[in-house]
Amino acid sequence: MPKKAKGFETVAEALRSVERSTVRKKRARERHAADVAARVPGEGYEPCIVSFIDLLGFRNLLETRHAHDIRDVLLQLREFTAPVEALPIRRMKDARLLSQAFADSVSDAVVRVRVFDTQFNDGAFFHELLDLLHVQVECIGHGVVIRAGVAIGDAHVGLNGKGPVFGPAMVRAYEIETHEAIHPRIVVDQAAYQSFLEDARLRKQDHGLEEELRCVDRLLRLDGDGTRFIDYLGASESEFDDPASYFLFLENHAELVRRKLAASTGRVRDKFEWLAAYHNSVVEDVIAEFADGHRSAEAFMAEYEVDPEPFLRAMVISAMPAG
(Lines give C-alpha, C1' and ligand atoms only; values in the text may rest on other atoms or scores of the structure.)
Protein backbone atom coordinates (compact mmCIF):
# COMPACT_ATOMS: atom_id res chain seq x y z
CA MET A 1 0.00 0.00 0.00
CA PRO A 2 1.48 3.43 -1.01
CA LYS A 3 2.72 5.63 1.80
CA LYS A 4 0.67 8.77 2.45
CA ALA A 5 2.28 12.04 1.36
CA LYS A 6 3.42 14.30 4.19
CA GLY A 7 0.70 16.72 5.22
CA PHE A 8 -2.01 15.08 3.11
CA GLU A 9 -4.64 12.54 4.08
CA THR A 10 -4.34 10.65 0.80
CA VAL A 11 -2.05 10.37 -2.22
CA ALA A 12 -4.91 11.73 -4.37
CA GLU A 13 -4.95 14.93 -2.32
CA ALA A 14 -1.22 15.30 -2.80
CA LEU A 15 -1.55 14.84 -6.56
CA ARG A 16 -4.32 17.46 -6.74
CA SER A 17 -2.12 19.87 -4.78
CA VAL A 18 0.73 19.34 -7.27
CA GLU A 19 -1.67 19.96 -10.17
CA ARG A 20 -2.91 23.20 -8.61
CA SER A 21 0.64 24.34 -8.03
CA THR A 22 1.53 23.56 -11.64
CA VAL A 23 -1.45 25.57 -12.91
CA ARG A 24 -0.54 28.55 -10.68
CA LYS A 25 3.05 28.53 -11.93
CA LYS A 26 1.88 28.31 -15.56
CA ARG A 27 -0.46 31.25 -15.10
CA ALA A 28 2.30 33.25 -13.42
CA ARG A 29 4.61 32.56 -16.39
CA GLU A 30 1.88 33.63 -18.83
CA ARG A 31 1.26 36.86 -16.91
CA HIS A 32 4.99 37.57 -16.86
CA ALA A 33 5.26 36.92 -20.60
CA ALA A 34 2.28 39.24 -21.24
CA ASP A 35 3.87 41.96 -19.11
CA VAL A 36 7.12 41.66 -21.04
CA ALA A 37 5.29 41.69 -24.37
CA ALA A 38 3.40 44.81 -23.37
CA ARG A 39 6.70 46.59 -22.76
CA VAL A 40 8.13 45.63 -26.16
CA PRO A 41 6.98 48.10 -28.86
CA GLY A 42 4.59 46.55 -31.32
CA GLU A 43 3.94 43.37 -29.36
CA GLY A 44 0.85 44.45 -27.44
CA TYR A 45 -1.37 47.48 -27.09
CA GLU A 46 0.34 50.87 -27.15
CA PRO A 47 -1.02 54.30 -26.23
CA CYS A 48 -1.92 55.87 -29.57
CA ILE A 49 -3.72 58.74 -31.26
CA VAL A 50 -6.22 57.09 -33.61
CA SER A 51 -8.02 58.89 -36.44
CA PHE A 52 -10.85 57.13 -38.25
CA ILE A 53 -11.38 58.90 -41.61
CA ASP A 54 -14.35 58.24 -43.85
CA LEU A 55 -15.26 59.43 -47.33
CA LEU A 56 -18.50 61.41 -47.27
CA GLY A 57 -21.14 60.39 -49.81
CA PHE A 58 -19.60 57.05 -50.77
CA ARG A 59 -23.00 55.43 -51.31
CA ASN A 60 -23.89 58.17 -53.78
CA LEU A 61 -20.61 57.56 -55.61
CA LEU A 62 -21.49 53.87 -55.93
CA GLU A 63 -24.84 54.79 -57.46
CA THR A 64 -23.72 57.56 -59.79
CA ARG A 65 -20.06 57.08 -60.76
CA HIS A 66 -18.16 54.52 -62.78
CA ALA A 67 -15.89 52.10 -60.92
CA HIS A 68 -12.70 53.66 -62.26
CA ASP A 69 -13.84 57.11 -61.02
CA ILE A 70 -14.47 55.67 -57.56
CA ARG A 71 -11.10 53.93 -57.65
CA ASP A 72 -9.38 57.23 -58.38
CA VAL A 73 -11.16 58.96 -55.49
CA LEU A 74 -10.19 56.19 -53.06
CA LEU A 75 -6.59 56.23 -54.25
CA GLN A 76 -6.48 59.97 -53.69
CA LEU A 77 -7.86 59.54 -50.18
CA ARG A 78 -5.20 56.94 -49.39
CA GLU A 79 -2.46 59.11 -50.87
CA PHE A 80 -3.45 62.19 -48.87
CA THR A 81 -3.81 60.30 -45.59
CA ALA A 82 -0.60 58.28 -45.92
CA PRO A 83 2.04 59.26 -43.33
CA VAL A 84 5.56 60.16 -44.34
CA GLU A 85 7.52 56.93 -44.62
CA ALA A 86 10.03 56.40 -41.83
CA LEU A 87 13.30 54.53 -42.08
CA PRO A 88 12.99 50.82 -41.23
CA ILE A 89 13.87 49.83 -37.68
CA ARG A 90 17.18 47.93 -37.63
CA ARG A 91 17.86 47.86 -33.88
CA MET A 92 15.39 47.55 -31.06
CA LYS A 93 16.85 50.60 -29.33
CA ASP A 94 15.82 52.63 -32.41
CA ALA A 95 12.18 51.62 -31.99
CA ARG A 96 9.82 54.39 -30.91
CA LEU A 97 12.43 57.13 -30.80
CA LEU A 98 9.86 59.74 -31.89
CA SER A 99 6.13 59.66 -32.44
CA GLN A 100 5.26 58.04 -35.75
CA ALA A 101 2.03 57.67 -37.69
CA PHE A 102 0.90 54.57 -39.56
CA ALA A 103 -2.15 54.10 -41.78
CA ASP A 104 -4.40 51.23 -42.78
CA SER A 105 -7.33 51.38 -45.22
CA VAL A 106 -10.40 49.38 -46.15
CA SER A 107 -12.91 50.41 -48.80
CA ASP A 108 -13.76 54.11 -48.25
CA ALA A 109 -12.20 54.40 -44.77
CA VAL A 110 -8.66 55.04 -43.55
CA VAL A 111 -7.37 54.51 -40.00
CA ARG A 112 -4.34 56.55 -38.96
CA VAL A 113 -2.54 55.50 -35.78
CA ARG A 114 0.22 57.58 -34.18
CA VAL A 115 2.22 56.01 -31.36
CA PHE A 116 3.39 58.49 -28.73
CA ASP A 117 4.93 56.49 -25.86
CA THR A 118 8.38 57.24 -27.25
CA GLN A 119 11.90 57.92 -26.04
CA PHE A 120 11.60 61.61 -26.98
CA ASN A 121 8.37 63.59 -26.72
CA ASP A 122 8.06 65.58 -29.94
CA GLY A 123 4.54 67.03 -29.74
CA ALA A 124 2.63 64.03 -31.08
CA PHE A 125 -0.85 65.51 -30.58
CA PHE A 126 -0.03 68.77 -32.37
CA HIS A 127 1.68 66.95 -35.25
CA GLU A 128 -1.24 64.58 -35.75
CA LEU A 129 -3.74 67.44 -35.82
CA LEU A 130 -1.55 69.37 -38.26
CA ASP A 131 -1.24 66.30 -40.49
CA LEU A 132 -5.03 65.91 -40.45
CA LEU A 133 -5.45 69.58 -41.36
CA HIS A 134 -3.21 69.01 -44.40
CA VAL A 135 -5.18 65.86 -45.25
CA GLN A 136 -8.45 67.78 -45.27
CA VAL A 137 -7.02 70.66 -47.32
CA GLU A 138 -5.62 68.22 -49.90
CA CYS A 139 -8.88 66.27 -50.07
CA ILE A 140 -11.02 69.39 -50.47
CA GLY A 141 -8.65 70.68 -53.13
CA HIS A 142 -9.41 67.56 -55.17
CA GLY A 143 -13.15 67.55 -54.50
CA VAL A 144 -12.95 64.78 -51.88
CA VAL A 145 -15.05 65.51 -48.77
CA ILE A 146 -14.26 63.62 -45.57
CA ARG A 147 -15.24 63.40 -41.93
CA ALA A 148 -13.34 61.76 -39.09
CA GLY A 149 -13.08 61.07 -35.39
CA VAL A 150 -9.90 61.42 -33.33
CA ALA A 151 -9.43 59.46 -30.09
CA ILE A 152 -6.58 58.61 -27.73
CA GLY A 153 -6.14 55.25 -26.05
CA ASP A 154 -4.79 51.74 -26.49
CA ALA A 155 -4.35 50.23 -29.95
CA HIS A 156 -2.25 47.57 -31.64
CA VAL A 157 -0.37 48.63 -34.73
CA GLY A 158 2.75 46.42 -34.79
CA LEU A 159 6.38 47.44 -34.55
CA ASN A 160 6.62 48.58 -38.17
CA GLY A 161 3.01 49.66 -38.51
CA LYS A 162 2.04 46.57 -40.50
CA GLY A 163 -0.92 45.92 -38.23
CA PRO A 164 -3.38 44.52 -37.86
CA VAL A 165 -4.79 47.71 -36.38
CA PHE A 166 -7.29 47.15 -33.59
CA GLY A 167 -8.04 48.16 -30.03
CA PRO A 168 -10.31 50.28 -27.84
CA ALA A 169 -9.04 53.59 -29.25
CA MET A 170 -9.91 52.52 -32.79
CA VAL A 171 -13.43 51.62 -31.67
CA ARG A 172 -13.81 55.03 -30.02
CA ALA A 173 -12.52 56.89 -33.11
CA TYR A 174 -15.01 54.97 -35.25
CA GLU A 175 -17.85 55.85 -32.86
CA ILE A 176 -16.97 59.54 -33.07
CA GLU A 177 -16.81 59.49 -36.88
CA THR A 178 -20.09 57.58 -37.19
CA HIS A 179 -22.25 59.12 -34.47
CA GLU A 180 -20.71 62.48 -33.49
CA ALA A 181 -18.90 64.02 -36.47
CA ILE A 182 -22.05 63.88 -38.66
CA HIS A 183 -20.94 66.84 -40.79
CA PRO A 184 -17.80 67.13 -42.97
CA ARG A 185 -15.55 67.80 -40.00
CA ILE A 186 -12.73 66.05 -38.14
CA VAL A 187 -13.93 65.86 -34.54
CA VAL A 188 -11.49 65.59 -31.64
CA ASP A 189 -12.81 63.59 -28.70
CA GLN A 190 -13.15 65.64 -25.50
CA ALA A 191 -11.40 62.83 -23.62
CA ALA A 192 -8.52 63.01 -26.12
CA TYR A 193 -8.18 66.75 -25.59
CA GLN A 194 -8.16 66.17 -21.83
CA SER A 195 -5.43 63.53 -22.26
CA PHE A 196 -3.35 66.11 -24.12
CA LEU A 197 -3.69 68.48 -21.17
CA GLU A 198 -2.69 65.82 -18.63
CA ASP A 199 -0.21 63.53 -20.41
CA ALA A 200 3.22 65.05 -21.07
CA ARG A 201 4.01 62.33 -23.63
CA LEU A 202 1.58 64.03 -26.02
CA ARG A 203 3.43 67.35 -25.83
CA LYS A 204 6.84 68.54 -26.97
CA GLN A 205 9.28 67.96 -24.14
CA ASP A 206 10.86 71.44 -24.23
CA HIS A 207 7.47 73.20 -24.37
CA GLY A 208 5.44 74.26 -21.39
CA LEU A 209 1.74 73.41 -21.37
CA GLU A 210 0.66 76.97 -22.21
CA GLU A 211 2.97 77.16 -25.22
CA GLU A 212 1.84 73.78 -26.53
CA LEU A 213 -1.79 74.67 -25.85
CA ARG A 214 -1.50 77.78 -28.03
CA CYS A 215 -0.15 75.66 -30.89
CA VAL A 216 -2.92 73.06 -30.58
CA ASP A 217 -5.82 75.46 -30.05
CA ARG A 218 -4.79 77.40 -33.15
CA LEU A 219 -5.72 74.32 -35.19
CA LEU A 220 -9.10 73.77 -33.54
CA ARG A 221 -12.50 75.43 -33.59
CA LEU A 222 -15.48 75.02 -31.25
CA ASP A 223 -18.73 74.28 -33.01
CA GLY A 224 -22.08 75.54 -31.78
CA ASP A 225 -22.71 72.21 -30.04
CA GLY A 226 -19.43 72.50 -28.12
CA THR A 227 -17.62 69.99 -30.35
CA ARG A 228 -13.95 70.59 -31.14
CA PHE A 229 -13.06 70.06 -34.78
CA ILE A 230 -10.06 70.82 -36.96
CA ASP A 231 -10.38 74.33 -38.38
CA TYR A 232 -8.97 73.50 -41.80
CA LEU A 233 -10.29 76.72 -43.36
CA GLY A 234 -9.31 79.20 -40.66
CA ALA A 235 -6.06 77.62 -39.49
CA SER A 236 -4.57 76.66 -42.85
CA GLU A 237 -3.61 80.14 -44.08
CA SER A 238 -0.07 79.90 -42.69
CA GLU A 239 0.35 76.50 -44.36
CA PHE A 240 0.11 77.98 -47.87
CA ASP A 241 3.17 79.38 -49.64
CA ASP A 242 1.57 82.81 -50.08
CA PRO A 243 -1.69 84.64 -49.26
CA ALA A 244 -2.89 84.42 -52.86
CA SER A 245 -2.90 80.60 -52.70
CA TYR A 246 -4.95 80.70 -49.50
CA PHE A 247 -7.57 83.04 -50.95
CA LEU A 248 -7.75 80.92 -54.08
CA PHE A 249 -8.37 77.91 -51.82
CA LEU A 250 -11.24 79.75 -50.11
CA GLU A 251 -12.69 80.66 -53.51
CA ASN A 252 -12.48 77.06 -54.75
CA HIS A 253 -13.96 75.83 -51.46
CA ALA A 254 -16.98 78.11 -51.95
CA GLU A 255 -17.53 76.75 -55.47
CA LEU A 256 -17.27 73.16 -54.25
CA VAL A 257 -19.86 73.74 -51.53
CA ARG A 258 -22.21 75.49 -53.97
CA ARG A 259 -22.00 72.52 -56.34
CA LYS A 260 -22.65 70.04 -53.54
CA LEU A 261 -25.63 72.04 -52.28
CA ALA A 262 -27.12 72.25 -55.77
CA ALA A 263 -26.82 68.50 -56.26
CA SER A 264 -27.93 67.21 -52.85
CA THR A 265 -31.15 66.80 -50.86
CA GLY A 266 -32.28 65.57 -47.46
CA ARG A 267 -29.67 64.52 -44.91
CA VAL A 268 -26.81 64.91 -47.37
CA ARG A 269 -27.81 68.50 -48.03
CA ASP A 270 -27.88 69.14 -44.26
CA LYS A 271 -24.20 68.22 -44.15
CA PHE A 272 -23.30 70.72 -46.88
CA GLU A 273 -25.47 73.41 -45.32
CA TRP A 274 -23.30 72.98 -42.21
CA LEU A 275 -20.21 73.25 -44.41
CA ALA A 276 -21.57 76.43 -46.02
CA ALA A 277 -22.17 77.97 -42.58
CA TYR A 278 -18.63 77.05 -41.47
CA HIS A 279 -17.19 78.49 -44.69
CA ASN A 280 -19.15 81.73 -44.29
CA SER A 281 -18.06 82.15 -40.66
CA VAL A 282 -14.39 81.92 -41.66
CA VAL A 283 -14.84 84.38 -44.53
CA GLU A 284 -16.69 86.80 -42.23
CA ASP A 285 -13.80 86.54 -39.74
CA VAL A 286 -11.33 87.55 -42.46
CA ILE A 287 -13.56 90.46 -43.57
CA ALA A 288 -13.74 91.62 -39.95
CA GLU A 289 -9.94 91.57 -39.70
CA PHE A 290 -9.69 93.92 -42.68
CA ALA A 291 -12.37 96.16 -41.15
CA ASP A 292 -10.69 96.46 -37.75
CA GLY A 293 -7.18 96.92 -39.13
CA HIS A 294 -5.70 93.55 -38.18
CA ARG A 295 -5.16 93.11 -41.91
CA SER A 296 -4.15 95.96 -44.20
CA ALA A 297 -6.70 96.63 -46.95
CA GLU A 298 -4.23 99.05 -48.55
CA ALA A 299 -1.50 96.41 -48.73
CA PHE A 300 -3.99 93.90 -50.16
CA MET A 301 -5.10 96.35 -52.85
CA ALA A 302 -1.48 97.21 -53.70
CA GLU A 303 -0.58 93.53 -54.03
CA TYR A 304 -3.66 92.22 -55.85
CA GLU A 305 -5.26 95.38 -57.28
CA VAL A 306 -8.64 94.51 -55.80
CA ASP A 307 -10.63 95.76 -52.81
CA PRO A 308 -10.61 92.90 -50.26
CA GLU A 309 -14.16 93.34 -48.95
CA PRO A 310 -16.12 92.85 -52.22
CA PHE A 311 -13.61 90.18 -53.22
CA LEU A 312 -14.36 88.24 -50.03
CA ARG A 313 -18.08 89.00 -50.07
CA ALA A 314 -18.24 87.14 -53.38
CA MET A 315 -17.06 84.03 -51.50
CA VAL A 316 -19.97 84.08 -49.06
CA ILE A 317 -22.36 81.24 -49.90
CA SER A 318 -25.96 82.40 -50.13
CA ALA A 319 -28.90 80.19 -49.32
CA MET A 320 -29.92 78.27 -52.39
CA PRO A 321 -32.80 75.92 -53.27
CA ALA A 322 -32.26 72.18 -53.04
CA GLY A 323 -31.30 70.34 -56.20
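The preceding data block contains the structure.
For every chain, the first residue of its written sequence is number 1, and the numbers climb from 1 along that sequence. For a predicted model such as this one, the threshold for reporting local features is a pLDDT of at least 70, and the threshold for listing and counting side-chain atom pairs is 80 or more; totals across whole chains, interfaces and linings nevertheless cover every residue. The basis for every side-chain value is the complete set of heavy atoms in the structure, and neither hydrogens nor water enter the calculation.

Peer 1: Can you walk me through the environment of Ile140 in this structure?
Peer 2: For Ile140, the location among the structural elements is in helix H4 (residues 124–141). According to the relative accessible area criterion, Ile140 is buried, its value standing at 8%. Runs of E in the DSSP output that reach at least two residues are strands. Runs of H or I that reach at least four are helices, and both are numbered from the N terminus. The buried label applies to any residue whose accessible area, calculated with a 1.4 Å probe on protein chains only, is under 20% of its type's maximum; exposed applies above 50%, and partly exposed to all values in between.

Peer 1: Got a minute to help me understand a positive patch on the surface in this structure?
Peer 2: A contiguous patch of positive charge, built from Arg16, Arg20, Arg24, Lys25, Lys26 and Arg29, is present on the exposed surface. Its place among the elements puts Arg16 in helix H1 (residues 11–39). A relative accessible area of 44% places Arg16 in the partly exposed class. Here a patch means residues that are over 30% exposed by relative accessible area and free of salt bridges, tied together within 9 Å if like-charged and within 5 Å if nonpolar (Val, Leu, Ile, Met, Phe, Trp, Tyr). The Shrake-Rupley method, run with a 1.4 Å probe, gives the accessible areas here. Residue values count only the displayed protein chains as cover. Take a side-chain nitrogen of Lys or Arg and a carboxyl oxygen of Asp or Glu: if they are within 4 Å of each other, that pair is a salt bridge. Asp and Glu are treated as the negative residues and Lys and Arg as the positive ones, with His and the ends of the chain left uncounted. Note on charges: their place is set at NZ of Lys, CZ of Arg, CG of Asp or CD of Glu.

Peer 1: Explanation requested: the sheet that holds strand S2 (residues 100–106) in the structure shown.
Peer 2: The strands making up a sheet associate through hydrogen bonds between their backbones, and the pairing can be parallel or antiparallel. Here 7 strands make up an open sheet; going across it, the order is S2-S3-S1-S4-S5-S7-S6 and the pairing mixed. Each having just a single partner strand, S2 and strand S6 (220–222) make up the two edges of the open sheet. Going across the sheet, the axis of each strand differs from the next one's by a mean of 30 degrees, ignoring polarity. In this scheme, strands are said to pair when DSSP sees at least two bridges between them. Where strand S1 (residues 46–55) and strand S3 (residues 109–115) come together, 7 bridges link them in antiparallel fashion. What sits directly across from Cys48, in S3, is Val115. A fitted line through C-alpha atoms represents every axis, and for helices the fit uses only the stretch in contact; the resulting angles, taken between N-to-C directions, go from 0 to 180 degrees.

Peer 1: Got a minute to help me understand the pairing of strand S4 (residues 146–155) in this structure?
Peer 2: Within a regular beta strand, the side chains point alternately toward one face of the sheet and then the other, so they alternate between its two faces. With 7 of its 10 residues buried, S4 lies for the most part within the structure. The pairing of S1 with S4 spans 10 bridges and is classified as antiparallel. The residue bridging Leu55 from the neighbouring strand is Ile146, located in S4. Relative to strand S5 (residues 186–188), S4 runs parallel, the two sharing 3 bridges. For Ala148, the partnering residue across the bridge sits in S5 and is Ile186. A clockwise course of the path from the first strand over the helix to the second, judged with the strands pointing away from the viewer, identifies a crossover as right-handed. For the segment spanning S4, helix H5 (residues 168–181) and S5, crossover handedness is left-handed.

Peer 1: Would you explain helix H3 (residues 67–81) in this entry?
Peer 2: Because the α-helix completes a turn every 3.6 residues, residues three or four places apart line up on one side. Between its terminal C-alpha atoms H3 stretches 21 Å, which fits the 21 Å expected from 15 residues at 1.5 Å a residue. Along H3, the residues that are buried comprise Ile70, Val73, Leu74, Leu77, Phe80 and Thr81. Seen end-on, H3 carries its buried residues on one side only, within an arc spanning 130 degrees. Residues count as neighbours in contact if any of their non-hydrogen atoms are within 4.5 Å of one another. The secondary structure elements touched by the buried residues of H3 are S1, helix H2 (58–64), S2, S3, H4 and S4. The length a helix should cover is 1.5 Å for every residue beyond the first. Think of the arc as the fan of directions from the helix axis to the C-beta atoms.

Peer 1: Looking at this structure, I do not really get the nonpolar core. What am I missing?
Peer 2: We define a nonpolar core as any set of buried Ala, Val, Leu, Ile, Met, Phe, Trp, Tyr and Cys residues linked to one another through side-chain atoms lying within 4.5 Å. By size, the foremost hydrophobic cluster in this structure holds 66 residues, and its most contacted members are Phe125 and Tyr232. It is H4 that provides the largest number of residues to this core, a total of 11 residues. Setting aside its immediate chain neighbours within four residues, Phe125 contacts Ile49, Ile152, Val188, Ala192, Tyr193, Phe196, Leu202 and Val216. Val50, Phe102, Val113 and Ala155 belong to the second largest nonpolar core, which has 17 residues in total.

Peer 1: I keep staring at a nonpolar patch on the surface and nothing clicks. Help me out?
Peer 2: On the surface, Leu97, Leu98 and Phe120 cluster together to form a nonpolar patch covering roughly 250 Å² of accessible area. With respect to the element layout, Phe120 can be found in the loop between S3 and H4. Exposure remark for Phe120: the relative accessible area of 41% places this residue in the partly exposed category.

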